[in-house]
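# An overview of the molecular structure
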Amino acid sequence: MEAAVRVISRNGVRGLRVEELAAEAGVSTALIYYHFKDRAGLIQRTLAFISDRATGYTDEAVRNTEDARTVLLQLLLSELQDTPRVRENSTAWGELRASDIFDTDLRETLAASTRSWSHDTAEAISDAQAAGLADLHVTPLDAADRLTALVEGLSERWLSGSLTLHRARELLTGAVDAELGPRPA
């Protein structure tokens, strides 16, 4: 799966060739087809792997954080890190999202993953509201959808060189403040 993410992040979904993936993973193409059945199965499993891997580094980012608003911020900022794992994930995620415009087989899986991320973000916003660290007038799911969409856009701009990582993180921090209202003193 790691090899699939690397190949997709390097060549895109349309540039994914099973032969190249097999070489990257150090296995035969027959083994790839045995485990994934076909290219569509491989892409579906890669998307699931990317989502699971993102959950892993997100959990790491919030592990020792107790303040609900900081948990929310770290949850979102964890997608903007200059590490190979995050760069590959973000690049592959953007590629998969762009491809689902043309490949309807990916849409529902990608939509389910997006809903899960928005739901987790909305829970973090609700926790911040319950702790008195966020404006109670903010609808958590609406704010979560806006913030996660912003993360995706900032990530694409960062990865394409249109924004520095520092600026992307700064804009995201400002957006959390704009969504939740000023941090109580």
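Before reading on, note that the structure itself is shown above.
Note that the structure is a prediction, hence the values are computed from the model and not measured.

In this model, the largest pocket occupies a volume close to 480 Å³. Lining the largest pocket are 25 residues, with Ala54, Thr55, Thr58, Glu79 and Trp117 positioned closest to its centre. Within the residue set of the lining of the largest pocket, elements represented by two or more residues are helix 4 (39-62), helix 5 (68-77), helix 6 (84-99), helix 7 (104-130) and helix 8 (140-160). No other element matches helix 4, which puts nine residues into the lining of the largest pocket.

Let us look at the packing of helix 4 against helix 7. Remark: helix 4 packs on helix 7, axes separated minimally by 10 Å, with the N-to-C direction vectors making an angle of 10°. Viewed along their axes, helix 4 and helix 7 adopt a mutual orientation that is roughly parallel. Considering how the two elements wind past one another, helix 4 and helix 7 form a crossing that is right-handed. Between helix 4, through Ile43, Gln44, Leu47 and Ser51, and helix 7, the contact on the second element is made entirely by Asp105, Leu106, Thr109, Leu110 and Ser113. Grouping the amino acids of the contact of helix 4 with helix 7 by side-chain chemistry returns four nonpolar, four polar and one charged.

Further remarks concern the pattern of salt bridges. Here the structure, examined in full by the defined rule, presents 12 salt bridges. In this structure, the salt-bridge partner of Glu24 is Arg10, at a minimum N-O distance of 2.8 Å. Within this pair, whereas Glu24 is found in helix 2 (residues 18-25), its partner Arg10 is found in helix 1 (residues 2-11), the two being separated by 14 residues in sequence. Taking relative accessible area as the criterion, Glu24 reaches 28% and is therefore assigned partly exposed. Residue Arg183 is joined to Asp67 by a salt bridge in which the shortest nitrogen-to-oxygen separation is 3.2 Å. Pair noted here: Arg183 is in the segment after helix 9 (165-180) and Asp67 is in the loop between helix 4 and helix 5, with a separation of 116 residues, a long-range link. Take Asp67: its relative accessible area is 26%, and that puts it in the partly exposed class. Here the salt bridges do not stand alone but share partners, grouping Arg6, Arg10, Glu20 and Glu24 into one network.

Cut-offs and rules
- Here the residue numbers are simple positions, counted from 1 along each chain's written sequence.
- With the structure being a predicted model, the display of local features is reserved for residues of pLDDT at least 70 and the display and counting of side-chain atom pairs for 80 or more, all residues being used for whole-chain, interface and lining totals.
- The basis for the side-chain values is all heavy atoms of the structure; hydrogens and waters are excluded.
- Cavities and pockets are defined on a 1 Å grid built over the protein atoms alone: a cavity is a set of grid points where a 1.4 Å probe fits but cannot escape, while a pocket is an open set with protein on both sides within 12 Å along at least five of seven lines, and lining residues are those with an atom within 4 Å of any such point.
- Grid points are joined across faces, edges and corners, and a volume is the space filled by probe spheres set on the points.
- Helix and strand labels come from DSSP, where a helix needs a run of H or I of at least four residues and a strand needs a run of E of at least two; each type is numbered from the N terminus.
- Simply put, an axis is a line fit to the C-alpha atoms, just over the touching stretch for a helix, and the angle between two N-to-C directions goes from 0 to 180 degrees.
- Throughout, the term roughly parallel applies to angles under 35 degrees, roughly antiparallel to angles over 145, roughly perpendicular to angles from 65 to 115, and oblique to all others.
- By the definition used in this description, the sense in which the near helix is turned from the far one sets the handedness, with an anticlockwise turn below a right angle giving left-handed and a clockwise turn giving right-handed.
- Contacts are residue-level and defined by heavy atoms, with any inter-residue pair within 4.5 Å sufficient.
- Note on residue categories: nonpolar means Ala, Val, Leu, Ile, Met, Phe, Trp, Tyr, Cys or Pro, charged means Asp, Glu, Lys or Arg, and polar means any other residue, Gly included.
- For this analysis, a salt bridge means a side-chain nitrogen from Lys or Arg found within 4 Å of a carboxyl oxygen belonging to Asp or Glu.
- Burial classes follow relative accessibility: with a 1.4 Å probe on protein chains only, a residue under 20% of its type's maximum area counts as buried, one over 50% as exposed, and anything between as partly exposed.

By themselves these figures say nothing about function.
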